[in-house]
Amino acid sequence: MTQEILLKNCTVYDPMNRIEGEVTDICVRDGKIVESVSTDAQVIDVRRRAVLPGGVDIHSHIIGSKINSARSMCPEDHRRAVVPKTPTTRSGVGEAVPSSFVIGQLYTAMGYTTVVDPAVPPMKALACWEEIPDVPVIDILMLPLFSNNMITYHYIEGQDMEGLRGYIDWLLRATGGFGVKVVNPGGTYAWAHNLNAEHLDQTIPEWDLTPNQILTSLVRAVEELRLPHPVHLHPNNLGRVGNIETTIAQLEAVRRARRTSKRKHILHLTHISFDSIASVDEGSTRWEDVASGGLELAEYTNQHDHFTVDLGQITFGPAMTMTADGPFQYLLHRVSHTKWMNITVDVELPGGAGVVPYSYSPKSLANSVQWMIALEYALNIDDPWRCVITTDSPNAGPFVRYPLVISWLMSRRERETWLETLNSRSLSRSTLSGAEREWSLYEIAIATRAAPARILGIDERKGHLGAGADADIAVLDHMPSDSSLSDHPEEIVRVFHSTYLTMKAGTVVHRNDVVNPSGVRRRVFSVQPTLPEATRKRIHNEVGQLIDRWYVHSHTNYPVPRRYRQALESPIPLRPAT
Amino acid sequence: MRVADDVVCPFCGCLCDDLRVTIDDNDVITRVDNACALGKTKMLHRMDDRLLVPEVRRDGKLERTTLEEAIDTAAQLLAESRRPLIYGLSSTENDAHRAVYRLAEMIGAVVDNTSSVCHGPSILGRQESGEPLASLGEVRNRAQLVIYWGANPLQAHPRHVRRFVRIPGEYIRDPRTERRMWVVDVRRSATARIADRFIKVEPGSDLEVIEALRALIKGRTLDVSEVGGVPIDELAEAAEELRSVEYGVLFYGLGLTQSRGRYRNIDAAIRLVRDLNRFGKWGMMPMRGHYNVTGANETSTWTTGFPFAVDYSRGYPRYQPGEYTAVDMLRHGEADLLLNIAADPAAHFPRDTVRRMRDIPIINIDPKRNLTSLMATVNIPAAMAGVECDGAASRMDELPLYLRKLVDPPEGVLPDRDIVRLIIERIEGAVDER
Ligand code: SF4
Ligand SMILES: [Zn+2]
């Protein structure tokens, strides 16, 4: 049966189609946006409210062993926020690390319809697929970890680029993953020896490899495979004072490798709040000397266009740090004296991921400066299409704080109110207090919808409202003709916290503050690279042997079975060859 | 005849996935290679002591009945119950758990798994201090020192030592010379007899011994001649060796979690491992018993936020070990009904608790006859996950593995998840009728 909906009187913000504030109607048929619908269509008049594509979160930890370990380690987090069952939704708990049903419901209420989990330990992918049906409504993409993995190293060290491409192909197919995540290349591996990899050209234990070699080889392989999304990078030395130098050196290393690719952006640098920490005293790594590197990174961004970023904006209050960066997590545990979980994952993450609860306070000099980094960056870049709003949820705060982040970007007045609460010594460590720029609603639509969809390479169906797109639509309870959001920051928070209406794949999933996931069509997007059959055969055999040599479970039990995938998985086409 | 390779063994937390199972043309498992005696027995004798037909108790006697009537009776008992308790889960696959939480939420039940009587204290220790978790692959590839504390794997996890410890790994070429194995226990167990070092502690003194080791590792001297029955010189020597290890792992069992001190033991052990991380790389791992008790904690956690002992009576999950744990719910006379699924509480709970079970209706879902089925008001036979139906489970190091269906279940016998779904549908139907 065809299902048609006519959304009438939409004030549309659809940057991919260059529509800014035009009042039109949107037609929906069978889950897709179409040019027109018949007179039988159900009519919903949204009375000139602002209408945006469904939100696309490019980096948020929502499934798998890290968040689940955090949940089980931190019952105190859940007592602060309980969510009773309703006639349409399941119950749950959690503030910084909500339970699975609650995550899907909160995203739905906020008008987000697509979320990337950016750090899946590949051999635990099955648990992610099991959990996904319990995260309602949203479409999901997973980025498996590749950078501290012995099989990856085996191919890079052997200078076997075909082998590396073959392994990426094998692993993405085995896990249903979407792209390649790189976390502290070499450093997490070295953590198996209680070491880290602080220098990009140092050799790591047991292998004749450096962090730079690992990163640039993976970038090359991903470009050669024409994956929709470039390498997604969490750089080395994360969370350390002065690491802006490392980050820029890593960006430079990738830039030099660029000639191998036709694509403009060949790297996505994630959560810059943690990667762009400068110091007032050059070379100092003391937190006393911390300064914002946001401006420096913005200037570099304006000069070089080979990468995109997401903010990982710090928010104040309880958070939960979780990364596949074992040494960073241990360091944080040592300075914050809180509980610490290290999760070793066989040969894929010998040093391990980590989880440490953390609360950001404006009283702290370090946290205040960290808060300013990403804002300073965002207010100084020329091109919002290369910048995505995130909080690296829950690392810099849970995703439910996006409305606050948006209010800081859109309203200078709101920024000033928050700046007053900061540790006063922090103000001179950043140029933020002088920044006058205010992001428009159109720019917010870019940085939360159009840009992330394009950076992920899913922009044919996500991040816009043109014909052919998935009918994922967020109607904000805001009439742009009546008032300007930047003058009413409390309005910004209200309208982005809970939509007037959210539609997902043509189904109304949120309206009148009621989330209703029933009957909604959902997907997990994966990729299927193309490789010569001979290569695939060779790699298939080799990887099987390596798994049986290094792992303590059989390679035949590694891939996630079809049973878990068939109802959900949908491959995204590769980028066209140019 | 068929042969299935790389089959996962659904018996203990090792989840060995290298079994070769031979099945004849009548769907009989005739041969199981690579498994230990425990795993072999489970598969080869799957038809022994089976519950094959649903039963309902009438006038004190269990009588055979249809599945439909058993489901009806179960649904009715659950609907009438004011404080239902659902317990078990550790010997079934994850989709059964997911169905159970839906049922628990729907009727406002308390839902608990068997970790409340085994590694519950480990979880409380983790909630206090976090935990540096090891993985079995890295143990085999790197560990120079492996300690079993309060665990006797030769008996409870028979292939653990052979698969992960006394075997070469990528960076441990000769396990006899490059890897040492210690056992700390109150008695010289079978595992202790093959260990490179056995530290015999007095019952109930694990905590003192751990704290003494922590002090010695930090370079303090202790002015005593022994701690917990262990001569101080022996402890000092052990501490010295611990400090020199580059990669070590501590496996701990019920001897640590269920002895005096309980979660404080685990908390101290976690701190010990944390301290050791200043000298080398150290991880730890609970020796989980039932093959999917780890999975039960995981599914409970992603659904409710909490790993066990969850109360849904207010319409959202609440967590209180010591209160919503099955033994306490029964002992305090709080539960007025028990739905047991894939466990045998009558065999494993303290005697006073089992006595309490006699006062309330019990709905029992399990493949086998056991002590609980003898007490039950309703018995519903279930398929054996990993043999007669598929699903997923988690190894003791949290590696998820897919369990295959090898043979059909006995006629008319359904997987746990389908039985629970039928009960849910029956209760929902009754609500609609009203
Ligand atoms: S050790 Fe455990 S999992 Fe392995 S075969 Fe024996 S019972 Fe099965
Ligand atoms: Zn992240």
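Description of the structure in this document. Being a predicted model, the structure only gives us computed values, none of them experimental.

How each quantity is defined
- Residues numbered from 1 in each chain as written.
- Chains lettered and ligands numbered in written order.
- Predicted model: local features only at pLDDT ≥ 70, side-chain atom pairs only at ≥ 80, totals over all residues.
- Heavy atoms only, no water.
- Helix = DSSP H or I, 4+ residues; strand = E, 2+ residues; numbered from the N terminus.
- Rg over C-alpha atoms; globule rule 2.2 N^0.38 Å.
- Buried < 20%, exposed > 50% of the residue type's maximum accessible area, 1.4 Å probe, protein only.
- Contact = heavy atoms within 4.5 Å.
- Areas by Shrake-Rupley, 256 points an atom, 1.4 Å probe, with all protein chains shown as cover.
- Lys, Arg positive; Asp, Glu negative; His and termini not counted.
- Charge placed at Lys NZ, Arg CZ, Asp CG, Glu CD.
- Expected span 1.5 Å × (residues − 1).
- Phe/Tyr/Trp six-rings, centres within 6.5 Å; stacked < 30°, edge-to-face > 60°.
- Lys NZ or Arg CZ within 6 Å of the ring centre and 35° of its normal.
- Donors = N, O, S within 2.8 Å, 3.2 Å for Na, K, Ca; no water.
- Core = buried A, V, L, I, M, F, W, Y, C linked by side-chain atoms within 4.5 Å.
- Pairing = 2+ DSSP bridges.
- Axes fitted to C-alpha atoms, helices over the stretch in contact; angles between N-to-C directions.
- Buried area = accessible area lost by both parts, 1.4 Å probe.
- Salt bridge = Lys/Arg side-chain N within 4 Å of Asp/Glu carboxyl O.
- Polar contact = N/O pair within 3.5 Å; in protein donor to acceptor, adjacent residues only side chain to side chain.
- Nonpolar A, V, L, I, M, F, W, Y, C, P; charged D, E, K, R; others polar.
- Near = heavy atom within 4 Å.

Along chain A, the regular secondary structure elements total 19 helices and 26 strands. Relative to its length of 578 residues, chain A is compact, with a C-alpha radius of gyration of 23 Å against a globular reference of 25 Å. Oriented by its inertia axes, the alpha-carbon framework of chain A measures out at about 65 × 60 × 50 Å. Relative to its 578 residues, chain A shows a buried fraction of 68%. A separation threshold of at least 6 residues defines the contact pool for chain A, and within that pool the share at least 24 residues apart is 78%. On chain A, roughly 18400 Å² of surface is accessible, and the fraction owed to carbon and sulfur atoms is 48%. Treating the 57 positive side-chain charges of chain A as one cloud and the 66 negative ones as another, the clouds have centres 4 Å apart.

Secondary structure assignment for chain B yields 19 helices and 22 strands. In terms of overall dimensions, chain B is globule-like: its C-alpha atoms have a radius of gyration of 23 Å, near the 22 Å expected for 434 residues. Within the span of chain B, comprising 434 residues, buried residues form 64% of the whole. Within chain B, contacts between residues at least 6 apart in sequence are counted, and of these 67% link residues at least 24 apart. When the accessible area of chain B is evaluated, it comes to approximately 16100 Å², of which 46% is carbon and sulfur surface. For chain B, the distance from the average site of its 59 positive side-chain charges to the average site of its 65 negative ones is 3 Å.

Moving on, we get to helix 2 (residues 67-80) of chain B. In this model helix 2 of chain B runs 20 Å from its N-terminal to its C-terminal C-alpha over 14 residues, within 8% of the 20 Å that 1.5 Å per residue would give. The set of residues buried in helix 2 of chain B consists of Ala70, Ile71, Thr73, Ala74, Ala75, Leu77 and Leu78 of chain B.

Our focus in this paragraph is the packing of aromatic side chains. The tally for this structure, following the rule as stated, stands at 23 aromatic pairs over all chains. Between Tyr155 of chain A and Tyr167 of chain A, the aromatic rings sit 6.5 Å apart at their centres with planes inclined by 35 degrees, giving tilted as the arrangement. Here Tyr155 of chain A is found in helix 5 (residues 150-157), whereas its partner Tyr167 of chain A is found in helix 6 (residues 161-175), with twelve residues between them in sequence. One exposure class covers both Tyr155 of chain A and Tyr167 of chain A, and it is buried. With centroids separated by 5.9 Å and ring planes inclined at 80 degrees, the aromatic side chains of Phe308 of chain B and Tyr319 of chain B adopt a geometry described as edge-to-face. Residue Phe308 of chain B is found in the loop between helix 14 (293-304) and strand 16 (310-311), and its partner Tyr319 of chain B is found in strand 17 (residues 318-319); the two are separated by eleven residues along the sequence. The rings of Tyr107, Tyr112, Phe399 and Tyr402 of chain A are connected pair by pair, giving a single aromatic cluster. Above the face of the Trp182 of chain B ring, Arg197 of chain B is positioned so that its terminal group lies 4.8 Å from the ring centre.

Residue and element names in this part refer to chain A. Taken together, the protein ligands of the zinc ion (ligand 2) are His59 (NE2), His61 (NE2) and Asp392 (OD), with distances of 2.1 Å. Mapping the donors of the zinc ion (ligand 2) onto the primary sequence gives the spacing H-x1-H-x330-D. According to the relative accessible area criterion, His61 is buried, its value standing at 6%.

What follows deals with the nonpolar core. Soluble globular proteins tend to pack their nonpolar side chains together in the buried interior. Counting residues in each nonpolar core, the largest one holds 183 residues, and the members touching the most others are Ile168, Leu218, Trp371 and Leu409 of chain A. By residue number, the principal contributor to this core is helix 16 (residues 441-456) of chain A, which donates eleven residues. If we ignore the near neighbours within four places in the chain, the residues touching Leu409 of chain A are Leu311, Leu375, Ala378, Leu379, Ile389, Arg415, Arg437, Glu438, Trp439 and Ile444 of chain A. Ile71, Ile107, Leu330 and Leu338 of chain B belong to the second-largest nonpolar core, a separate cluster that totals 59 residues.

Next up on the list: the sheet that holds strand 1 (residues 2-7) of chain B. All names here are of chain B. The antiparallel open sheet is built from three strands, whose spatial order is 1-2-3. Strands with a single pairing partner mark the edges of an open sheet, and in this sheet they are strand 1 and strand 3 (29-33). Each strand of the sheet is rotated relative to its neighbour by a mean of 20 degrees, with strand direction disregarded. As judged from the four bridges shared by strand 2 (residues 19-23) and strand 3, these two strands associate in the antiparallel manner. Bridge pairing in strand 3 links Val21 to Val32. Strand contacts of helix 1 (residues 37-44): strand 1, strand 2 and strand 3, with the helix running at about 165 degrees to strand 3, the strand carrying the most contacts.

Counting residues at the interface gives 63 residues for chain B and 61 residues for chain A. Summed over both sides, the interface between chain B and chain A buries roughly 5200 Å², with carbon and sulfur atoms accounting for 49% of that surface. Three residues, Glu105, Lys281 and Trp302 of chain B, lead the burial of chain B against chain A; their summed loss comes to 14% of the area buried on that side. Summed over the shared surface of chain B and chain A, the number is six salt bridges. There are 44 residue pairs in polar contact (both at pLDDT 80 or more) connecting chain B and chain A. Among the elements of the structure, helix 3 (94-107), helix 4 (120-129), strand 8 (130-133), helix 5 (136-142), helix 7 (160-165), helix 14, strand 21 (391-394) and strand 22 (400-403) of chain B are those that each provide at least two residues to the side of chain B that touches chain A. The biggest single contributor to the side of chain B that touches chain A is helix 3 of chain B, with seven residues. Of the residues belonging to the side of chain B that touches chain A, the class tally is 23 nonpolar, 16 polar and 24 charged.

A few words on the site of ligand 1. If you check the shell around ligand 1, you find Cys9, Phe11, Cys12, Cys14, Leu15, Cys16, Ala35, Cys36, Leu38, Gly39, Pro158 and Arg159 of chain B and nothing else. Taken together, the residues that form the shell around ligand 1 break down as ten nonpolar, one polar and one charged.

Turning our eyes to something else, we now look at unusual backbone geometry. Excluding glycine, a negative phi dihedral is what most residues carry, and trans is how most peptide bonds are arranged. Residue Pro394 of chain A is bonded to the preceding Ser393 of chain A through a cis peptide linkage, with omega at 0 degrees. Secondary-structure assignment places Pro394 of chain A in the loop between strand 20 (387-388) and helix 14 (402-410). A positive phi angle, near 55 degrees, is found at Asp6 of chain B, a position not held by glycine. Tracing the backbone shows Asp6 of chain B in strand 1.

Before going further, it helps to spend a moment on the pairing of strand 7 (residues 110-113) of chain B. All names here are of chain B. Here strand 7 shows a buried face lined by Val110 and Asp112 and a second buried face lined by Val111 and Asn113. The sheet contact formed by strand 6 (residues 84-88) and strand 7 spans four bridges and is parallel. For Leu85, the partnering residue across the bridge sits in strand 7 and is Val110. Pairing analysis gives two bridges linking strand 7 to strand 16, with the strands arranged antiparallel. Opposite Val110, over in strand 16, you have Asp311 as the bridge partner.

The subject of this paragraph is the pairing of strand 19 (residues 362-366) of chain B. Residues and elements named next belong to chain B. The buried count for strand 19 comes to five of five residues, which makes it a mostly enclosed element. Residues of strand 19 alternate between two faces, with Ile362, Asn364 and Asp366 on one and Ile363 and Ile365 on the opposite face, all of them buried. As paired elements, strand 18 (residues 337-341) and strand 19 share four bridges and run parallel to each other. The residue of strand 19 that forms the bridge with Ile341 is Ile365. Both strand 19 and strand 20 (residues 378-381) contribute to a ladder of four bridges, which runs parallel. When the bridges of strand 20 are listed, Asp366 appears paired with Pro381.

We now examine the environment of Pro398 of chain A. Residue and element names in this part refer to chain A. Following the sequence through the fold, Pro398 ends up in the loop between strand 20 and helix 14. Pro398 sits 126 residues away from Val524 along the chain, and the two C-alpha atoms are 22 Å apart. Other than its neighbours up to four places away in sequence, Pro398 contacts Glu95, Ala96, Pro318, Thr391 and Ser393.

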